[in-house]
Amino acid sequence: MILRKPPASVNVGEKDYEIETDFRTIIEVENMIFGPLTEEQEAFAREIQRQSELSAEDAELNARYFYAMQLFYKGRIPDDLEEATEKLIWFYACGKKQKGSKPKEPVLSFINDMDYINAGFLQDYGIDLFDVDYMHWWKFMSLFSALHDDCKICEIMGWRGADLSKMNKEQRKYARKMKNLYALPVEIKVSKKELEMQKAIEEALMNGGDVSGVLEKIRSEQA
């Protein structure tokens, strides 16, 4: 294995763009796309809708990505939005092509599960994430992926993703209880279009990162 320094920039349109790399920022970027709509995003979505023929759902989707890209690219969003978003997703996936099938339902929320995640880092590495001034996203994910199975967050993710169809009656009863206990909060009412976009991006990440078709509509409407 060849070790290399995690990137601090990405190349888009043959230009290098400095990016935000701290794990807290990338969690915020993720939340901007899939989390509750902020007041700023709502206001911008209304302005987009006022100046265009976009539906409210499409306007909100554009607002989500605009603010996520603004944060990730430090206010310098590249002209090629499609490639810029592909590079964002590439960075989010730590430059790796993901393999395997994803869970049928979410098993992790960095925002809601941070206390459990921090406990795991303290248990395994002696690192208190709340005291860390900076940690590159790729380093954070490398450590997170190697947490021991006895960490609480690993146990919780296991219950959330448990396949009840492979359990007997008593096991299913207990598993449902644990699923309900550790269920992620329903923070927002997600539109069908947003669900389709999230699923498409997740599938792209799991199958090599090809998101060109997913981002076509965003690219054409961003101008």
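Residues numbered from 1 in each chain as written. Predicted model: local features only at pLDDT ≥ 70, side-chain atom pairs only at ≥ 80, totals over all residues. Heavy atoms only, no water.

Trainee: Which residues make up the side chain of Lys179, and what values go with them?
Mentor: By the element assignment, Lys179 lies in helix H8 (residues 169-181). On the accessibility criterion, Lys179 (15% relative accessible area) is buried. In terms of polar contacts, Lys179 uses its side chain to reach the backbone carbonyl oxygen of Ala162, at 3.4 Å. Sequence-distant contacts of Lys179, that is, excluding residues within four places in its chain, are made with Glu105, Trp159, Arg160, Gly161, Ala162 and Leu164. (Helix = DSSP H or I, 4+ residues; strand = E, 2+ residues; numbered from the N terminus. Buried < 20%, exposed > 50% of the residue type's maximum accessible area, 1.4 Å probe, protein only. Polar contact = N/O pair within 3.5 Å; in protein donor to acceptor, adjacent residues only side chain to side chain. Contact = heavy atoms within 4.5 Å.)

Trainee: Lay out the packing of helix H2 (residues 39-50) against helix H3 (residues 56-72) with the relevant residues and their values.
Mentor: Remark: H2 packs on H3, axes separated minimally by 8 Å, with the N-to-C direction vectors making an angle of 125 degrees. One finds that H2 runs oblique with respect to H3. Crossing angle aside, the handedness with which H2 passes H3 is right-handed. Residues Glu40, Gln41, Phe44, Ala45, Ile48 and Gln49 of H2 form the contact with H3, whose participating residues are Ala56, Ala59, Glu60, Asn62, Ala63, Arg64, Phe66 and Tyr67. Residue classes in the contact of H2 with H3 are distributed as 8 nonpolar, 3 polar and 3 charged. (Axes fitted to C-alpha atoms, helices over the stretch in contact; angles between N-to-C directions. Parallel < 35°, antiparallel > 145°, perpendicular 65-115°, else oblique. Left-handed = near helix turned anticlockwise from the far one by under 90°. Nonpolar A, V, L, I, M, F, W, Y, C, P; charged D, E, K, R; others polar.)

Trainee: Tell me what's going on with the confidence of the model for the protein, and back it up with residues and numbers.
Mentor: For the protein, the mean per-residue pLDDT works out to 82, and 78% of the residues sit at or above 70. Long-range and interchain partners of residues 204-223, a stretch whose pLDDT sits below 50, account for 39 contacts in this model, where long-range means more than four residues apart. (pLDDT = per-residue confidence, 0-100.)

Trainee: Please give an account of the pairing of strand E2 (residues 15-18) that cites residues and values.
Mentor: Inspection of the sheet shows strand E1 (residues 9-12) paired to E2 by 4 bridges, in the antiparallel sense. When the sheet's bridge partners are listed, Val10 is paired in E2 with Tyr17. Where E1 hands over to E2, the hairpin turn is made up of 2 residues, of which Gly13 adopts a positive phi near 60 degrees. (Pairing = 2+ DSSP bridges.)

Trainee: Give a description of the pattern of salt bridges that names residues and reports values.
Mentor: Counted by the stated rule, this structure contains 6 salt bridges. The salt bridge involving Glu47 is made with Arg50; its shortest N-O contact spans 2.6 Å. Of this pair, Glu47 and Arg50 are both found in helix H2, 3 residues apart, which corresponds to roughly one turn of the helix. For Glu47, a relative accessible area of 29% corresponds to the partly exposed category. Residue class for Arg50 comes out exposed when judged on its relative accessible area of 60%. (Salt bridge = Lys/Arg side-chain N within 4 Å of Asp/Glu carboxyl O.)

Trainee: Which residues make up the state of the cysteines, and what are the values?
Mentor: Going through the model one piece at a time under the given rule, you end up with 0 disulfides. Residue Cys154 stays outside any disulfide, its sulfur separated by 5.1 Å from that of Cys151, the closest cysteine. Judged by relative accessible area, which is 22%, Cys154 ranks as partly exposed. (Disulfide = S-S within 2.5 Å.)

Trainee: Tell me what's going on with the nonpolar core, and back it up with residues and numbers.
Mentor: Core analysis: the biggest nonpolar cluster contains 37 residues, and Tyr73, Ile117, Phe121, Trp137 and Phe140 have the highest contact counts within it. Among the elements of the structure, E1, helix H1 (23-34), H3, helix H4 (81-92), helix H5 (114-125) and helix H6 (137-145) are those that each provide at least two residues to this core. Not counting residues up to four positions away in its chain, the partners in contact with Phe140 are Phe23, Phe110, Ile117, Phe121, Leu129 and Met135. Ile156, Ala162, Met167 and Tyr182 belong to the second largest nonpolar core, which has 8 residues in total. (Core = buried A, V, L, I, M, F, W, Y, C linked by side-chain atoms within 4.5 Å.)

Trainee: Summarise the packing of H5 against H6; cite the residues concerned and give the values.
Mentor: Interhelical geometry of H5 versus H6 gives an angle of 75 degrees and a closest axis separation of 10 Å. Taken together, the axis directions place H5 and H6 in an arrangement best described as roughly perpendicular. Of the residues in H6, those touching H5 at Ile117, Phe121 and Tyr125 are Phe140, Leu143 and Phe144. Here the contact of H5 with H6 is built from residues that sort into 6 nonpolar, no polar and no charged.

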